[in-house]
Amino acid sequence: MLIIPAIDLRGGRCVRLVQGDFARETAYDDDPVRVARRWADLGARWIHVVDLDGARAGKPMQLDLVRAIAEVGVPVELGGGLRSLADLDAAFAAGVSRAVLGTAAVERPSLMGEAVAQFGPERVVLGVDARGGRVAVRGWAETSDLAAEDVIAQARDAGVPRVIYTDIERDGTLTAPNFAAIAAIARVGLPVIASGGVARREHLERLAAIAGVEAAIVGQALYTGALTIGSAEDWWVEPATSLPGMGEDHERAH
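1. Comments concerning the pairing of strand S7 (residues 124–131)
For S7, a buried count of seven out of eight residues is recorded, marking the element as mostly surrounded by other parts of the structure. As paired elements, strand S6 (residues 98–101) and S7 share three bridges and run parallel to each other. What sits directly across from Ala 99, in S7, is Val 124. For S7 and strand S10 (residues 163–167), the ladder comprises five bridges, and the chain directions are parallel. Across the sheet, Gly 127 pairs through a bridge with Ile 164, a residue of S10. Examined bridge by bridge, S7 and strand S8 (residues 134–137) share two bridges and lie antiparallel to one another. Considered in S8, the bridge of Arg 131 is made with Arg 134. What sits between the antiparallel neighbours S7 and S8 is a turn of two residues, in which Gly 132 has the positive phi angle 60°.

2. Re the side chain of Asp 87
Checked against the element boundaries, Asp 87 lands in helix H4 (residues 85–93). It is Arg 83 that comes nearest to the buried, bridge-free Asp 87 among opposite-charge side chains, at 6.6 Å. A distance of 3.0 Å separates a polar atom in the side chain of Asp 87 from the backbone nitrogen of Arg 83. If sequence neighbours within four positions are ignored, Asp 87 has contacts with Gly 58, Pro 60, Gly 81 and Leu 82.

Conventions adopted
Residues numbered from 1 in each chain as written. Predicted model: local features only at pLDDT ≥ 70, side-chain atom pairs only at ≥ 80, totals over all residues. Heavy atoms only, no water. Buried < 20%, exposed > 50% of the residue type's maximum accessible area, 1.4 Å probe, protein only. Helix = DSSP H or I, 4+ residues; strand = E, 2+ residues; numbered from the N terminus. Pairing = 2+ DSSP bridges. Lys, Arg positive; Asp, Glu negative; His and termini not counted. Salt bridge = Lys/Arg side-chain N within 4 Å of Asp/Glu carboxyl O. Polar contact = N/O pair within 3.5 Å; in protein donor to acceptor, adjacent residues only side chain to side chain. Contact = heavy atoms within 4.5 Å.

This is how it looks when you write it as structure tokens:
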């Protein structure tokens, strides 16, 4: 399983939020491009970038900065405020390799198939951010009535090849991923990029052991030093041989 470092952009800085709460922000660097170079120098294969300002505004707000990050030379997947084909086109023009559809996939499901048809399946990713199993939209400010599995199944049928699944209640907390929920998501049939709650390598090993999980996005653990990357090989994780404590996580998932 691949580890993907996260760079969340707000006001031109690299920040992290706790459970998506804009009032609980920690700024880690005033120069996100410098952060991207750090991950590139350590051999990162992808960088996950979120335009937090764009997520709230409903349109991309920091594409010039995204372009500078992409110019570092590591493929970038971008989420936050991408709500139309024109937004995706602008993101790709800025050097983005994969675009993440979140709110738009819920509010205008037909956009997923249109995006796949226009740009190709490997350039489109579904982003599902869930709170209590329900999909949150508009920068996590609103929670819909839609179950995460239903939105993912619809994307699968539209030809979207993978999903980024974020458990909002775990995101930025350094507690643990919601392993049971992620396993349930993986059973829908799309490869999963898991996000939220990773605090140590053991968590990554447990994620790697879940069939269908191809990558994990890590932010807070990298920025606080809870998880360290010393070489290019450290971005890859072998699965754990056993999965302790799954009963507790199963209860939390429901």
